[in-house]
Amino acid sequence: MHSKSEPERPTGRDAVRRSILRAARHHFAREGPRASLRDIAATAGVNAGLIHRHFGRKEQLIDEVIEDTLESSTRHVAADGAVRSMFLDSTTQTDFVRMIAWMALESGPEGASPLTSAPHRTIAAVRGAPSPEPDRDARLMIALTVIYGWSVFSREMLSAFDVEEERRDEFEHRIADLLAALTAPEKEANP
């Protein structure tokens, strides 16, 4: 029988990998790349040796966490309303955005951020085909900055604008609508 503080131990290769990835995402989001593999293992309910067995070094685990999260998030990005969906998803899945923030502030062992190439797929999916609209990329950059920044600074923004927590959802939907409008293709002027 397990105590309440001890997580249930996953069994089977896939369950172990999922548990480690979930725990790693949680710790990297809160502590950055300096998160302890022992803490990740404890949260995952496995021994640290299993992390090394399934993922190798910490840098490889970081890469896997990023890849796993990007894979699940890019599935819906190509759909219409991608920017709106990305923003609303970021309001409930803050771990990935917080992890990106930590990783952007840290340098990898070779002096480059572990995120150097990872977000390019997501951005390419949102961006789509090159556009003749001169401001389209700038509008997408603004939208992505809001998406990534909201998870980190939303509490402070809502507080600074005197928005009470019970109105958070209302404001997040307004912001999502504004981002969707900002990134919508420009309408051609009628002759």
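Keep in mind the model is a prediction, meaning the values are calculated, not measured.

Colleague: So what exactly am I meant to see when it comes to helix H1 (residues 13-31) here?
Modeller: Because an α-helix completes one turn every 3.6 residues, residues spaced three or four positions apart along the sequence face the same direction. Along its 19 residues, H1 runs 26 Å from first to last C-alpha, staying within 8% of the 27 Å computed at 1.5 Å per residue. By the burial criterion, the buried members of H1 are Ala15, Val16, Arg17, Ser19, Ile20, Leu21, Ala23, Ala24, Arg25, His27, Phe28 and Ala29. Where H1 ends, the next residue or the one after it, Gly32, has phi of about 75 degrees, a positive value.

Colleague: Help me understand the packing of aromatic side chains, please; the structure alone is not making it clear to me.
Modeller: Working definition: an aromatic ring pair is given by the centre-to-centre distance plus the angle between the planes. Following the criterion strictly, the structure yields 1 aromatic pair and no others. Taken together, a centroid distance of 5.9 Å and an interplanar angle of 50 degrees make the contact between Phe87 and Trp150 tilted. A residue pair is termed long-range when its members are at least 10 positions apart, and Phe87 in helix H5 (residues 82-92) and Trp150 in helix H8 (residues 136-160) qualify at 63 residues. Over the ring of Phe171 we find Arg174; its NZ or CZ atom is 5.1 Å from the centre of that ring.

Colleague: Explain H8 here, please?
Modeller: Helix length check: H8, at 25 residues, gives a terminal C-alpha distance of 30 Å against a target of 36 Å (1.5 Å per residue), a shortfall beyond 12%. Maximum bend of H8: about 75 degrees, positioned at Phe153. Along H8, the residues classified as buried are Arg136, Arg139, Leu140, Ala143, Leu144, Ile147, Trp150, Ser151, Ser154 and Leu158. Residue Asp162 follows H8 closely and has a positive phi angle near 55 degrees.

About the cut-offs
Residues numbered from 1 in each chain as written. Predicted model: local features only at pLDDT ≥ 70, side-chain atom pairs only at ≥ 80, totals over all residues. Heavy atoms only, no water. Helix = DSSP H or I, 4+ residues; strand = E, 2+ residues; numbered from the N terminus. Expected span 1.5 Å × (residues − 1). Buried < 20%, exposed > 50% of the residue type's maximum accessible area, 1.4 Å probe, protein only. Phe/Tyr/Trp six-rings, centres within 6.5 Å; stacked < 30°, edge-to-face > 60°. Lys NZ or Arg CZ within 6 Å of the ring centre and 35° of its normal. Bend = angle between axes of the 7 residues up to and from the residue.

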